[in-house]
Amino acid sequence: MTNLTNEDLAALTQWDTPTICNALEIVAPERRGYGFTTEPLVPLDPDLKPICGYARTATIRAAMPPVGGDAKRVGYYEYVAAVPLPTIVVIQDLDPRPGVGAFWGEVQTNIHKGLGVLGCVTNGSFRDITDSARGFNLLGGKIGPSHAHVHVVDFGGQVNVYGLLASHNDIIHADRHGAVMVPADVVKKIPDAVALIARREKKILDAAKAPGFDIEKLKAAMAGAKEIH
């Protein structure tokens, strides 16, 4: 794994996920069309700041009872609690109709927060909106009332949540817009890329907000933005 510190990851949380996606277009242009969620997600608390951490992956089902009981739950918790921290859980609901039963609610948000998890990205459902752990940045496919037969199928493998492919220890950035996987080797390049984008956008935004803005001034601003390196 690339040598990264918690400070390197925390630095990325000063920007929202769309800004991180913009930066990736510069530092990892081959990633422009994939590696992020492509369907709307429901935030437990849309006012929470972005999060960035190492992926802990799992798959679940809820429509039918597990064969032999939910025997993997303790092993899953041990997996989630393992270093490095901080972590973000990425859970794929494998049911034909994801979200029949909610894995996430008051109990799971508090357990995971206590184990050092910043939040979760899932195509499954969640519940207990008012009783879930405050500050836990949960993004789910839907809200539902029951946990039905929800159980852990497996953990530690690659999962796909609405186009976000995540494997163990991948770096995930997420906020109310969705989530993106950030390649470890470009994490330290993100701040400079964001600064470059901001300088380019400022040229255009300043022109657009100024009195007398017209198509000719837009063309001039766009040309000026291209000259910024």
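Look up a bit, the structure's there.
What counts, and where the lines are drawn
Note that residues are indexed from 1 along each chain, following the sequence as it is written. Selection of residues for local features in this predicted model requires a pLDDT of at least 70, selection of side-chain atom pairs for listing and counting requires 80 or more, and totals for whole chains, interfaces and linings are taken over all residues. Just so you know, side-chain values use all the structure's heavy atoms and leave hydrogens and water out. Strand pairing is assigned whenever DSSP detects at least two bridges linking the two strands. Where helices and strands are cited, they refer to DSSP runs of H or I of at least four residues and of E of at least two residues respectively, numbered from the N terminus. Classification of ring pairs rests on two measures: the distance between centres of Phe, Tyr or Trp rings, Trp counted by its six-membered ring, which must be within 6.5 Å, and the angle between planes, read as stacked under 30 degrees, edge-to-face over 60 and tilted in between. Think of it in three bands: residues with accessible area under 20% of the maximum for their type are buried, residues over 50% are exposed, and the middle band is partly exposed, with areas taken using a 1.4 Å probe on protein chains only. In this analysis the charged atom, NZ for Lys or CZ for Arg, is taken to sit over a ring once it is within 6 Å of the ring centre and within 35 degrees of the ring normal.

Caption draft 1: Examining the sheet that holds strand β4 (residues 102–104) more closely. If you trace the three strands from one edge of the open sheet to the other, you get β4-β6-β8, paired in parallel fashion. The outermost strands of the open sheet, each flanked by one partner alone, are β4 and β8 (142–143). Looking at chain direction, strand β6 (residues 125–126) and β8 are connected through two bridges and run parallel. Directly across from serine 125, in β8, lies its bridge partner lysine 142.

Caption draft 2: Fine view of the packing of aromatic side chains. Under the counting rule described, the total for this entry stands at six aromatic pairs. Look at tyrosine 76 and tyrosine 77: their rings are 5.7 Å apart centre to centre, the planes differ by 50°, and that puts the pair in the tilted class. The residues tyrosine 76 and tyrosine 77 share a single accessibility class, namely buried. Each member of the aromatic cluster is reached from another via a ring pair, and the members are Tyr76, Tyr77, Tyr79, Phe103, Trp104, Phe136 and Phe155. The positively charged end of arginine 31 is found above the aromatic ring belonging to tyrosine 34, 5.3 Å away from the centroid. Sitting over the ring of tyrosine 79, arginine 56 keeps its end group 5.7 Å from the ring centre.

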